[in-house]
Amino acid sequence: RFDPEAVEIAAAAADFLARQPRIALDWFVSYDVIVVGREKITYTRSGTNLLSRGEGFYAYSENRDRVRDYFYDGGAFWLRNVEDDAYVEIPFAGSFETLVERIRVEYDIPLPIWELLSRAGTDGLLAEVEAAAYLGETLFAGRPVHHLAFAQYDQDWQIWVSTDPERPEIVALIGTDPYTQGWPQYRAYFHNWDFDPEIAEGAFTFEPGPDAIRMALPKVESAAAAELDALLSGGARAGGGDAENQ
């Protein structure tokens, strides 16, 4: 089954976010880990994201006992280990999407909730969908939303989108792994969306303190990393102007 109404609503939400020049939001995620083949343990993550396209990105993330800050100012990327006052600095000039791909492939570092901020829009959200269903309007924490369900090869997922056509914000997303015993899920909740946030001077640049420890981050050895490095060397890395067109 492929319900065009579900696809239309999800596409409108994704494209709405892709068009926003500035985005701030808070998020909370719970996710399951299967232990010893059958026991399901649930962990949580939470944080906040701030993006100004063509200017920079900042994120704060709490994952169990680990606290991380992520900074990108168009010229360098910093990852800060808050509890140890240690950090990594990676020189880079390019678009937000190119940054996401580079640090994921080369360093195996995913940026928190980056999918919602990408300009990939519909192409990113619905690219691998094989089935879609519209489950109607409902209330989510008192807010009117559309309830949608999708299936693709490696996961099933549901999404709740505000019914406000002027601000079709994504309120929640739940994904299920149908191929792992116990059907582990991740559940993401998004709130405090702001499309005109105030951004303090220097918000995207990390300034280490006098006792901060700078650490080296080894690259991931893979064919994909080598291919990306070659592309960046000949294109995006040399043409840092991409940052102006995020």
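Anything mentioned here points back to the structure above.
In what follows, the accompanying structure is described. In every chain, residue numbers begin from 1 and rise along the written sequence. It should be noted that, the model being predicted, local features are given only for residues of pLDDT at least 70 and side-chain atom pairs only at 80 or more, the latter also being counted only at that level, while totals for whole chains, interfaces and linings use all residues. Only hydrogens and water are set aside; all other atoms, that is, all heavy atoms of the structure, feed into the side-chain values.

### Observations concerning the nonpolar core
Residues belong to one nonpolar core when they are buried, are Ala, Val, Leu, Ile, Met, Phe, Trp, Tyr or Cys, and are joined through side-chain atoms within 4.5 Å. Per-residue accessibility, obtained with a 1.4 Å probe over protein chains only, is compared with the maximum for each type, and a residue is labelled buried under 20%, exposed over 50%, and partly exposed between these values. By size, the foremost hydrophobic cluster in this structure holds 47 residues, and its most contacted members are F57, F77, L111, L148, F150 and F190. Helix and strand assignments follow DSSP, with helices taken as H or I runs no shorter than four residues and strands as E runs no shorter than two, numbered in order from the N terminus. Counting residues per element, this core draws most heavily on helix α1 (residues 4–19), which supplies 7 residues. The contact criterion used throughout is that any non-hydrogen atoms of two residues lie within 4.5 Å. Setting aside its immediate chain neighbours within four residues, F57 contacts N49, L50, L51, Y70, F71, Y72, F96, L111, L117 and F204. One finds A24, L50, I199 and A212 within the second-largest nonpolar core, a separate group that totals 11 residues.

### Digging into α1
Helix length check: α1, at 16 residues, gives a terminal C-alpha distance of 22 Å against a target of 22 Å (1.5 Å per residue), a fit within 8%. Of the positions making up α1, those classed as buried are A6, I9, A10, A11, A13, A14, F16, L17 and A18. Identification of polar contacts relies on pairs of N or O atoms within 3.5 Å, with a donor-acceptor requirement for protein atoms, meaning one able to donate a hydrogen and the other able to accept it, and with residues adjacent in sequence counted only if both atoms are side-chain atoms. N-cap assignment for α1: the residue whose side-chain oxygen lies 2.9 Å from the backbone N of E5 is D3. The length a helix should cover is 1.5 Å for every residue beyond the first.

### Looking at the side chain of H147
Note that H147 resides in strand β8 (residues 143–152). By relative accessible area, which is 16% here, H147 ends up buried. Other than its neighbours up to four places away in sequence, H147 contacts A133, Y134, L135, G136, T138, Q158, I159 and W160.

### Here's the deal with the pattern of salt bridges
What makes a salt bridge here is a side-chain nitrogen of Lys or Arg within 4 Å of a carboxyl oxygen of Asp or Glu, nothing more. Scanning the entire structure with this criterion turns up 13 salt bridges. A salt bridge links D85 to R80; the nearest nitrogen and oxygen atoms lie 3.8 Å apart. The class of D85 is partly exposed, set by a relative accessible area of 26%. Residue classification places R80 among the partly exposed positions, given a relative accessible area of 23%.

### Here we look at the packing of aromatic side chains
Ring pairs shown here join Phe, Tyr and Trp side chains whose ring centres sit within 6.5 Å, with only the six-membered ring taken for Trp; geometry is labelled stacked below 30 degrees between planes, edge-to-face above 60, and tilted in between. Scanning all chains against the criterion turns up 14 aromatic pairs. Geometrically, the ring pair formed by F190 and W193 is tilted, given 6.4 Å between the ring centres and 55° between the ring planes. Counting every residue linked through ring pairs, the aromatic cluster contains F16, F190, W193 and F195. Cation placement over rings: the criterion is NZ of Lys or CZ of Arg within 6 Å of the ring centroid and within 35° of the ring normal. In this structure, R64 packs its charged tip against the face of Y43, placed 3.9 Å from the ring centre.

### Description of the pairing of strand β6 (residues 86–91)
Direction of pairing for strand β5 (residues 76–81) relative to β6: antiparallel, over a ladder of 6 bridges. Along β6, the bridge assignment pairs L79 with V88. Counted along the chain from β5 to the antiparallel partner β6, the turn is 4 residues long, and its residue D85 has a positive phi close to 50°. Think of it this way: DSSP has to see at least two bridges between two strands before they count as a pair.

### Some details on the pairing of strand β7 (residues 129–140)
Note: β7 against β8, 9 bridges, orientation antiparallel. Looking at the pairing, A131 lines up with A151 of β8. Counting the residues between successive antiparallel strands, the hairpin from β7 to β8 contains 2 residues, one of them, A141, with a positive phi of roughly 55°.

### Let's talk about the environment of W193
Here W193 is to be found in strand β11 (residues 185–194). Residue W193 is classed as buried on the basis of its relative accessible area, which comes to 9%. In this structure the C-alpha to C-alpha distance between W193 and N49, which are 144 residues apart in sequence, comes to 9.9 Å. A polar contact is formed between the side chain of W193 and the backbone oxygen of I170, at a distance of 3.0 Å.

### Focus on the sheet that holds β11
Pairing is mixed across the open sheet formed by 12 strands, whose spatial order is β7-β8-β9-β10-β11-β1-β2-β3-β4-β5-β6-β12. Of all the strands in the sheet, the pair left with one neighbour each is β7 and β12 (213–214). Pairing geometry for strand β10 (residues 170–176) and β11, over 5 bridges, is antiparallel. When the bridges of β11 are listed, L173 appears paired with A188. Running at roughly 105° to β8, α1 makes contact with β1 (22–35), β7, β8, β9 (155–162), β10 and β11 of the sheet. The sheet contacts of helix α2 (residues 96–107) involve β2 (39–52), β3 (56–63), β4 (66–72), β5 and β6, and relative to β6 the element is tilted by about 115°. Fitting a line to C-alpha atoms yields each axis, with helices limited to the stretch in contact; the angle taken between N-to-C directions then spans 0 to 180 degrees.

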